[in-house]
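Residue strings, one per chain:
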Amino acid sequence: FGSATLAGLRVLVSAGPTYEDIDPVRFIGNRSSGRMGFAVAEAAAAAGAQVTLVAGPVSLPTPAGVARRVDVRSAAKMREAVLAASDTADIYIGAAAVGDYRPAQVAERKLKKHDGAPLVLDLAENPDILKDLAATHPHPFLVGFAAETHDVAAYAQDKLSRKGLDMIAANRVGAGLGFEADDNALSLYWPGGSEELPRASKRELAARLVQCVGMRYRAAKP
Ligand code: C5P
């Protein structure tokens, strides 16, 4: 690798989970480690891009070559940071596992138990960052991720068209792949084409993904 496929391009990457606070000590999160997104940011920088990384709560060092990192916690803050940086981005790669729901109210005090009575949490749907970006004009070349446990191709292609994306990278989660795993395998789809990136380390896959993104970007915006 080391080829400068993304030379002169500004790439915005989101990575990691989001945490949605319930009260001052509890939150709803997910098992995304951020490793895939951080590897994508590193690979994009190695391919010559100027990279901004918006990171959810992860314990990972900023990858070599990444120009700017913005740390956020909730989906709402991630959306703000991504929208603020998207004006100056040519490509957005949404690798973050954004929480779909958040507690409708964040309790100011720690919630207490109530003698065995069930606790009911009202959840509000979070905005879809990718969809919102796709609705702004002009907007960067949009690459989404889809983590699925089954029917990967069908769900990914549906997401590609429903969210108005230029490319989607789909992976099967579970069985030693995906979340919290070292290895991953990706199926890439774009309007009118696809490519399989077979099982490899997240670093290696990220480098291949970035090469494909560069090629599709040039093909879509000559
Ligand atoms: O629909 P689903 O959550 O599976 O789609 C995953 C893709 O959408 C990822 O690229 C993720 O970063 C993005 N997404 C988003 N905002 C959300 C939910 C998902 O940008 N609220």
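What comes next is a walk through the structure. What you are looking at is a predicted structure, and each value in this text was computed from that prediction instead of being measured.

### Considering the overall build of the protein chain
A count of helical and extended segments in the protein chain gives 5 helices and 12 strands. Over its C-alpha atoms the protein chain spans a radius of gyration of 18 Å, differing by no more than 12% from the 17 Å that the globule rule assigns to 222 residues. Here the C-alpha coordinates of the protein chain stretch approximately 65 × 35 × 30 Å along the principal axes. Out of the 222 residues belonging to the protein chain, those deemed buried represent 45%. For the protein chain, the centre of its 26 positive side-chain charges and the centre of its 25 negative side-chain charges are spaced 3 Å apart.

### Structural notes on the sheet that holds strand β9 (residues 141-148)
Taken together, the 8 strands give an open sheet; going across it, the order is β5-β4-β1-β6-β9-β10-β11-β12, and neighbouring strands pair in mixed fashion. Only two strands of the sheet have a single partner each, and these edge strands are β5 (68-71) and β12 (193-201). Direction aside, neighbouring strands of the sheet carry axes that sit 15 degrees apart on average. Helix-sheet contacts for helix α4 (residues 152-162) involve β9, β10 (167-172) and β11 (183-190), and the interaxial angle to β10 is about 155 degrees. Contacts between helix α5 (residues 202-220) and the sheet are confined to β6 (91-94), β9, β10, β11 and β12, with β12 contributing the most and set at about 160 degrees to the helix.

### Considering the site of the ligand
Near the ligand the following residues occur: G94, A96, V98, P127, D128, I129, L130, G144, F145, K159 and K163. P127 has a polar backbone atom sitting 2.8 Å from a nitrogen atom of the ligand. In this structure, an oxygen atom belonging to the ligand sits 3.0 Å away from a main-chain N or O atom of L130. Look at the ligand: alone it shows 450 Å² of surface, and the protein chains cover 86% of it. Structurally, the ligand is housed in the largest pocket.

### Quick word on the pairing of β11
Counted residue by residue, β11 has 6 buried out of 8 residues, so it is predominantly covered. Sheet topology places β11 next to β12; 7 bridges connect them, and they run antiparallel. The residue bridging N184 from the neighbouring strand is A200, located in β12. Following β11, the chain reverses through 2 residues before pairing antiparallel with β12; G192 in that reversal takes a positive phi of roughly 95 degrees.

### Topic: the layout of surface pockets
By volume, the largest pocket amounts to about 920 Å³. What lines the largest pocket is a set of 37 residues, among which A96, A97, V98, D100 and F145 lie closest to the centre. For the lining of the largest pocket, the secondary-structure elements that each account for two or more residues are α1 (35-46), β6, α3 (129-134), β9, α4 and β11.

### A short note on unusual backbone geometry
Residue H137 is joined to P138 through a cis peptide bond whose omega torsion reads -5 degrees. Mapped onto the elements, P138 comes out in the loop between α3 and β9. Phi is positive for D115, which is not a glycine, with a value near 45 degrees. For D151, which is not a glycine, the phi torsion comes out positive at approximately 50 degrees. Relative to the helices and strands, D151 resides in the loop between β9 and α4.

Here is what the cut-offs are and how they apply
- Residues numbered from 1 in each chain as written.
- Predicted model: local features only at pLDDT ≥ 70, side-chain atom pairs only at ≥ 80, totals over all residues.
- Heavy atoms only, no water.
- Helix = DSSP H or I, 4+ residues; strand = E, 2+ residues; numbered from the N terminus.
- Rg over C-alpha atoms; globule rule 2.2 N^0.38 Å.
- Buried < 20%, exposed > 50% of the residue type's maximum accessible area, 1.4 Å probe, protein only.
- Lys, Arg positive; Asp, Glu negative; His and termini not counted.
- Charge placed at Lys NZ, Arg CZ, Asp CG, Glu CD.
- Pairing = 2+ DSSP bridges.
- Axes fitted to C-alpha atoms, helices over the stretch in contact; angles between N-to-C directions.
- Contact = heavy atoms within 4.5 Å.
- Near = heavy atom within 4 Å.
- Polar contact = N/O pair within 3.5 Å; in protein donor to acceptor, adjacent residues only side chain to side chain.
- Areas by Shrake-Rupley, 256 points an atom, 1.4 Å probe, with all protein chains shown as cover.
- 1 Å grid on protein atoms, 1.4 Å probe; cavity = no way out; pocket = protein on both sides within 12 Å on 5 of 7 lines; lining within 4 Å.
- Sits in = over half its atoms within 2 Å of the grid points.
- Points joined across faces, edges and corners; volume = space filled by probe spheres on them.

Take it as geometry only, folks, not as evidence of what the structure does.
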